[in-house]
Amino acid sequence: QVQLVESGGGLVQPGGSLRLSCAASGSIFSINAMGWYRQAPGKQRELVAAITSGGSTNYADSVKGRFTISRDNANKNTVYLQMNSLKPEDTAVYYCNADVMTYSGSNYLPYWGQGTQVTVSS
């Protein structure tokens, strides 16, 4: 019913930048918050950044000042993560998340993308 498709991952050198995109589609009535999570090998999935429908943002301490989350002005079902000054410890699979109410639903439920690999290495 709802699909989240991420793009933009890849290999980058330390200090470099990447921009991740996530587009939500399907039977979407409304999206509340959208966010990015990441999971490194052997570690638990963690919140990287989130943005509400009203534009409020929240960041993990480890990425504050380096990463910026935003929603597309024309298509509120698309979210971006601009990642600057990347470090090797940012290496992980990055997952898009959205709290979605479908046309057939009565409350918001979390949906996940398939993940995109980000590798920071020289």
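Just so it is clear, the structure is predicted and the values come from calculations on it, not from any experiment.

### Re the overall build of the chain
Within the chain one finds 0 helices and 11 strands. Whereas a compact globule of 122 residues would reach a radius of gyration of roughly 14 Å, the chain reaches 14 Å, a difference of no more than 12%. Taking the principal axes of the C-alpha coordinates as reference, the chain spans close to 50 × 25 × 20 Å. Here the analysis covers contacts within the chain between residues at least 6 apart in sequence; of these, 56% occur between residues at least 24 apart. In the chain, 9 side chains carry a positive charge and 7 a negative one; their mean positions are 2 Å apart.

### Side note on unusual backbone geometry
A positive phi angle is found at Ser 85, which is not glycine, with a value near 50 degrees. As for its position among the elements, Ser 85 is in the loop between strand E8 (78-83) and strand E9 (92-102).

### Quick notes on the environment of Tyr 94
Within the secondary structure, Tyr 94 is located in strand E9. Tyr 94 gets classed as buried once you look at its relative accessible area, which sits at 0%. Separated by 48 residues in the primary sequence, Tyr 94 and Glu 46 place their C-alpha atoms 9.6 Å from one another. Looking at Tyr 94, its side chain comes within polar contact range of the main-chain oxygen of Asp 90, at 2.6 Å.

### Here we look at the pattern of salt bridges
What the rule picks out here adds up to 4 salt bridges. Residues Lys 64 and Asp 61 are paired through a salt bridge, measuring 3.1 Å at the closest nitrogen-oxygen approach. When its relative accessible area of 49% is taken as the criterion, Lys 64 is described as partly exposed. With its nearest N and O atoms 2.8 Å apart, the salt bridge here joins Arg 66 to Asp 90. Of this pair, Arg 66 sits in the loop between strand E6 (57-59) and strand E7 (67-71) while Asp 90 sits in the loop between E8 and E9, placing them 24 residues apart in sequence. Judged on exposure class, the residue Arg 66 and its partner Asp 90 are both buried. Connected through salt bridges with shared partners, the residues Arg 38, Glu 46, Arg 66 and Asp 90 form a single ionic network.

Conventions used here
Residues numbered from 1 in each chain as written. Predicted model: local features only at pLDDT ≥ 70, side-chain atom pairs only at ≥ 80, totals over all residues. Heavy atoms only, no water. Helix = DSSP H or I, 4+ residues; strand = E, 2+ residues; numbered from the N terminus. Rg over C-alpha atoms; globule rule 2.2 N^0.38 Å. Contact = heavy atoms within 4.5 Å. Lys, Arg positive; Asp, Glu negative; His and termini not counted. Charge placed at Lys NZ, Arg CZ, Asp CG, Glu CD. Buried < 20%, exposed > 50% of the residue type's maximum accessible area, 1.4 Å probe, protein only. Polar contact = N/O pair within 3.5 Å; in protein donor to acceptor, adjacent residues only side chain to side chain. Salt bridge = Lys/Arg side-chain N within 4 Å of Asp/Glu carboxyl O.

So yeah, pure geometry; function would need other evidence.
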